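Architecture and fold: a report
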Amino acid sequence: MPETNRTIQWHRRLADKLATALAVICVLLVMLPLAAIFSYLVIRGIASLNLAFFTHIPSGSPGEPGGGMANAIVGSIVILLIGSVIGVPLGVGSGIYLSEYSRGQFGRVVRFTADVLNGVPSIVIGIAVYALLVIRQKHFSALAGGVALGIMMIPTITRSTEEMLRLVPNSIREAALGLGIPQWRSTLSITLRTAMSGVITGVMLAFARVSGETAPLLFTALGNQFWSTKLNQPIAALPLQIYIYALSPYDEWHRLAWAGALVLIVLIVATSASVRWVASRGFAGGAH
Amino acid sequence: MAQPHQPMGSAANPGAIGEHLRVVPRRSSKTSRLADGVFQGLVWICAACVLAIVAFILMELIKGSSLSLHQFGWKFFTGSDWDPVNGNFGSVPFIYGTLVSSLVALIIAVPLSLGVAMFITEMCPRSLRGILSYLTELLAAIPSVIYGMWAIFVLIPLLRKYIGPVLAKTLGWTGLFTGPMYGGGMLTAGIILAIMIVPIISSITREVLVAVPHHQREAALALGATRWEMIKVGVLRNARAGIAGAIILGLGRALGETMAVTMVIGNRPEIAKSLFAPGYTMASVIANEFSEATDDLYLSALIEIGLALFIVTIIVNIFAQLLVWRVTRGTPRRASA
């Protein structure tokens, strides 16, 4: 008996080691592209970045050296601002509704729909906004791009706001109401204030997520080779410009695309990293 | 599964605050009661907007595609001829491309994601846990267009020079890896999609694994199981449904992914057995041809593809959510965010 027992043990131990080794290999295989992407972005990006990138618009003829993406950077900022103006209030508002007021069926339907909206492919949102704004206005516009990004921000913000507000203990709400503060004041100045850093975290994550979106801008904002900050005109955007330049046959445009990609990823990683940092210290103190 | 009728997030459910509210004496003045009503109305409108947006998207898609719906009917989904010049539209090549590229992505991504999730929740030292989950989530933060660009300049040359020939030599007999490799194609799209969906599958799997009650693990260990046996019997078996949900959510993402795929798949409406061959997906045909579509029927056909994509991803997502809920319900959501 001890004989067989030992052989079983041996097999089992081997299986255990094997499973651990496989899991480690999986982790390494996943980290490999991450490291490769970031190192390429940093190496090629830094080599391509210069002051002109931030101050110039694309040079006149295709592939000609020089030029930058100043108009695309500004364009991205404009579109993201429009998106935030639409997405943040609607998202936070419906988050408040779900956490503070919803009882019964309607809340469940909204929650579910927000999850559905979160899964809608971004290109489909682009089509819908095209039908809503571009066809009616008869031209592509910064406004349409902003609306598309705003719609994409809503579900993320809604769900994270709801989750953060739910973490606020009921005793705080009861204390506020017990002092005779009307519920809307209590919700805004006590409950929302308590969960503020968590809510901001959600907003920033949504912002970071849409700032790299290209597909919904393809036929809403369209892109623009020239300076434009007009809301009813086509406008350049960083991800759009990267897309066009990366697919072009010119080395000079490839260079600009790498530089643009580096700027974009630094923006996104910096946003999400600072959010993590704020969330790790801010919220724990607020809710408990 | 233990408490099937427990509502979500029951522990500190402020949704129940209404009951407390009723107890508060109504000594507030008329104006503040009015303000309360206005505020509640405002946030209700915000919530209703979420519903309205989804309804609106669906409506616009149906309206926009009505021309093509009438003209082709079901033939739209069985015809494989995509000929804008003669006004003949069949979407089979795009459906095929979407399914095949997503399938390749799943085949690569699922084992990797499960391995990563298992390692992070069950095997790795506590100090590594945070940094590893941060790094995998960083993959999700990279914009699609940057994935596409990286694939064009780094992955495709690599595939063409080293990996492609090896695959052709060893697995060429399957017919999946034959023919010339131009670079872009189904395989490249599948690989890049795989990298993009790993963070989703692994983070949801992690959430599901964390939700498996601890006593399951302890019971397995108490019976003398090794760590792997404990994971197999105590954790994975209990989390099956949730893991399936995570995989399907990854599928949903892969189906709708646009930019990276458009940049590498080759964009040709052909159906080829070889994964080296170029293809086309539903999302990428919209991205490429939408702004060039001049006549109404062409545009309407593209919108109908969008409609199909919308409906499919919604069904896939709903199904996946239900599976994930089955496992995580009853435990606090997001024990580790």
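Residues numbered from 1 in each chain as written. Chains lettered and ligands numbered in written order. Predicted model: local features only at pLDDT ≥ 70, side-chain atom pairs only at ≥ 80, totals over all residues.

Regarding its fold elements, chain B presents 11 helices and 2 strands. Element order for chain B, N to C, with α for helix and β for strand: α-α-β-β-α-α-α-α-α-α-α-α-α. Within the span of chain B, comprising 337 residues, buried residues form 47% of the whole. Within chain B, counting contacts between residues at least 6 apart in sequence, those at least 24 apart form 77% of the total. (Helix = DSSP H or I, 4+ residues; strand = E, 2+ residues; numbered from the N terminus. Buried ≥ 20, exposed ≤ 12 C-beta atoms within 10 Å, placed from the backbone. Contact = placed C-beta atoms within 7 Å.)

Moving on, we get to the overall build of chain A. Within chain A one finds 11 helices and 0 strands. Helices and strands appear in chain A in the N-to-C order α-α-α-α-α-α-α-α-α-α-α. Taking 19 Å as the expected radius of gyration for a compact globule of 288 residues, we find that chain A reaches 25 Å, considerably beyond that expectation. In terms of overall dimensions, chain A has C-alpha extents of about 80 × 75 × 35 Å along its principal axes. Looking at chain A residue by residue over its 288 residues, the buried ones come to 52%. Sequence separation of 24 or more characterises 75% of the internal contacts of chain A that already satisfy a separation of 6 or more. (Rg over C-alpha atoms; globule rule 2.2 N^0.38 Å.)

It is worth spelling out the interface of chain A and chain B at this point. Listed by partner, the interface residues are 79 residues for chain A and 78 residues for chain B. Broken down by element, the side of chain A that touches chain B gets its largest block of residues, 19 residues, from helix α1 (residues 2-48) of chain A. Split into classes, the residues belonging to the side of chain A that touches chain B amount to 55 nonpolar, 15 polar and 9 charged. (Nonpolar A, V, L, I, M, F, W, Y, C, P; charged D, E, K, R; others polar.)

Further remarks concern unusual backbone geometry. Of note, A:Lys138 is a non-glycine position whose phi angle comes to about 70°, a positive value. Turning to its location among the elements, A:Lys138 is positioned in the loop between α5 (122-137) and α6 (142-167). One non-glycine residue, B:Asn267, adopts positive backbone phi at about 55°. Residue placement: B:Asn267 occurs in the loop between α9 (259-264) and α10 (282-289).

In this section: the domain arrangement of chain A. Residues and elements named next belong to chain A. Its domain assignment divides chain A into domain 1 (2-48) and domain 2 (54-287). Using C-alpha coordinates to define each centre, domain 1 is positioned 35 Å away from domain 2. At the interface, 6 residues of domain 1 touch 7 residues of domain 2. Across the side of domain 1 that touches domain 2, the residue classes break down as 3 nonpolar, 2 polar and 1 charged. (Domains from an automatic or database assignment.)

Another aspect to go through is helix α6 (residues 186-211) of chain B. Residue and element names in this part refer to chain B. Taking 1.5 Å per residue as the helical rise, α6 with its 26 residues ought to reach 38 Å, and the 36 Å between its terminal C-alpha atoms agrees with that figure. Maximum bend of α6: about 40°, positioned at Ile197, with proline Pro199 one to four residues after it. In terms of residue burial, α6 counts as a mostly covered element, since 26 of its 26 residues are buried. (Expected span 1.5 Å × (residues − 1). Bend = angle between axes of the 7 residues up to and from the residue.)

Residue and element names in this part refer to chain B. Looking at the element boundaries, Lys273 is found in the loop between α9 and α10. With 14 C-beta atoms packed within 10 Å, Lys273 lands in the partly exposed category. For Lys273 and Leu176, which are 97 residues apart along the polypeptide, the C-alpha to C-alpha distance reads 6.0 Å.

So, about the environment of B:Thr174. On the secondary structure map, B:Thr174 appears in the loop between α5 (144-171) and α6. Here the alpha-carbon distance between B:Thr174 and B:Ser274, two residues 100 residues apart in the chain, equals 9.1 Å.

A few words now on the packing of helix α3 (residues 92-123) of chain B against helix α8 (residues 227-256) of chain B. Residues and elements named next belong to chain B. At a minimum axis separation of 10 Å, α3 and α8 run at an interaxial angle of 140°. Both α3 and α8 take part in a crossing whose hand is right-handed. Residues Thr98, Ser102, Ala105, Leu106, Ala109, Val110, Met118 and Glu122 of α3 lie in contact with α8, whose contacting residues are Ile231, Val235, Ile247, Gly250, Leu251, Ala254 and Leu255. Of the residues belonging to the contact of α3 with α8, the class tally is 11 nonpolar, 3 polar and 1 charged. (Axes fitted to C-alpha atoms, helices over the stretch in contact; angles between N-to-C directions. Left-handed = near helix turned anticlockwise from the far one by under 90°.)

The next subject is the packing of helix α3 (residues 70-101) of chain A against helix α2 (residues 30-72) of chain B. Viewed as axis vectors pointing N to C, α3(A) and α2(B) meet at an angle of 110°, and their least axial separation amounts to 7 Å. In terms of their interaxial angle, α3(A) and α2(B) are classed as roughly perpendicular. Judged by the sense of rotation from one axis to the other, the crossing of α3(A) with α2(B) is left-handed. From α3(A), A:Leu90, A:Gly93, A:Ser94, A:Ile96, A:Tyr97, A:Leu98 and A:Tyr101 reach across to α2(B), where they touch B:Gln40, B:Leu42, B:Val43, B:Trp44, B:Cys46, B:Ala47, B:Cys49 and B:Val50. Residues belonging to the contact of α3(A) with α2(B) are distributed by class as follows: 12 nonpolar, 3 polar and no charged. (Parallel < 35°, antiparallel > 145°, perpendicular 65-115°, else oblique.)

Looking at chain A as a whole, the pLDDT averages 89, with 94% of positions reaching at least 70. Low pLDDT, under 50, characterises residues 283-288 of chain A; the stretch is placed with 9 contacts to residues that sit more than four places away or in other chains. (pLDDT = per-residue confidence, 0-100.)

This next bit is on the confidence of the model for chain B. Residues and elements named next belong to chain B. Residues with a pLDDT of 70 or more make up 89% of chain B, whose mean pLDDT is 87. At the low end of the mean pLDDT range in chain B sits helix α1 (residues 17-23), at 49; at the high end sits α3, at 96. Low pLDDT, under 50, characterises residues 1-19; the predicted model gives this stretch 21 contacts beyond four residues in sequence or across chains. Confidence drops under a pLDDT of 50 for residues 332-337, and excluding neighbours within four residues, the segment shows 6 contacts in the predicted structure. Scoring of the predicted complex yields 0.89 for pTM and 0.91 for ipTM.

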